[in-house]
Amino acid sequence: MKMDNNCEYCQGTIYQHYVKQEVFKHKVRIVIIENTYVGVCGSCGSRYYSAQLLHLVHDVATGTKLPQRIEQIPVIDLLN
């Protein structure tokens, strides 16, 4: 579905896309949101998020809202 605004970077058309998982880095925490919709520019691929979604990420990252589950994430340090 086409959204009302154009991309702020290339003026392309932004379309609403369903995503199974979207990963956010919030300060020192990582939050994964599942089964949501995001705006994606059809030209350059820039992603756009609703204020409601970003508030949810903030609430989970700061502990205001508890996540439904916690996943383990593999980490590799390339300097060691």
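Structure: see above.
Residues numbered from 1 in each chain as written. Predicted model: local features only at pLDDT ≥ 70, side-chain atom pairs only at ≥ 80, totals over all residues. Heavy atoms only, no water.

1. Overview of the overall build of the chain
- Secondary structure assignment for the chain yields one helix and four strands.
- Beginning at the N terminus, the succession of helices and strands in the chain can be written as β-β-β-β-α.
- For 80 residues, the compact-globule formula gives about 12 Å, and the C-alpha radius of gyration of the chain, at 15 Å, lies well above that figure.
- Once the C-alpha set of the chain is aligned to its principal axes, its extents read approximately 40 × 35 × 20 Å.
- Relative to its 80 residues, the chain shows a buried fraction of 24%.
- Considering only residue pairs separated by 6 or more positions, the chain has 41% of its internal contacts joining residues 24 or more positions apart.
- On the chain, roughly 6700 Å² of surface is accessible, and the fraction owed to carbon and sulfur atoms is 52%.
- Taking the average location of the 8 positive side-chain charges in the chain and that of its 7 negative ones, the two points are 3 Å from each other. (Helix = DSSP H or I, 4+ residues; strand = E, 2+ residues; numbered from the N terminus. Rg over C-alpha atoms; globule rule 2.2 N^0.38 Å. Buried < 20%, exposed > 50% of the residue type's maximum accessible area, 1.4 Å probe, protein only. Contact = heavy atoms within 4.5 Å. Areas by Shrake-Rupley, 256 points an atom, 1.4 Å probe, with all protein chains shown as cover. Lys, Arg positive; Asp, Glu negative; His and termini not counted. Charge placed at Lys NZ, Arg CZ, Asp CG, Glu CD.)

2. Section: a nonpolar patch on the surface
- Together, Val23, Ile30, Ile32, Ile73 and Val75 line one region of the surface with nonpolar side chains, adding up to about 470 Å² of accessible area.
- The exposure class of isoleucine 73 is partly exposed, given its relative accessible area of 48%. (Patch = residues over 30% accessible without salt bridge, like charges linked within 9 Å, V, L, I, M, F, W, Y side chains within 5 Å. Salt bridge = Lys/Arg side-chain N within 4 Å of Asp/Glu carboxyl O.)

3. Details of the sheet that holds strand S2 (residues 13-26)
- Taken in spatial order, the four strands make up an open sheet running S1-S2-S3-S4, and their pairing is antiparallel. Unpaired on one side and paired on the other, strand S1 (2-6) and strand S4 (47-48) mark the two borders of the sheet. (Pairing = 2+ DSSP bridges.)

4. Observations concerning the environment of valine 40
- Along the chain, valine 40 falls in strand S3 (residues 29-41).
- For the pair formed by valine 40 and cysteine 7, sequence separation is 33 residues and the distance between their alpha carbons is 8.6 Å.
- Among all residues touching valine 40, those that are not within four sequence positions of it are Thr13, Ile14, Tyr15, His17, Gly45, Ser46 and Arg47.

5. Description of the nonpolar core
- With 10 residues, the main nonpolar core is built from Val19, Phe24, Val31, Ile33, Val38, Val40, Leu53, Val57, Val60 and Ala61.
- Taken together, the elements giving at least two residues each to this core come down to S2, S3 and helix H1 (51-62).
- The residues contacting alanine 61, other than those within four sequence positions of it, are His26, Arg29 and Val31. (Core = buried A, V, L, I, M, F, W, Y, C linked by side-chain atoms within 4.5 Å.)

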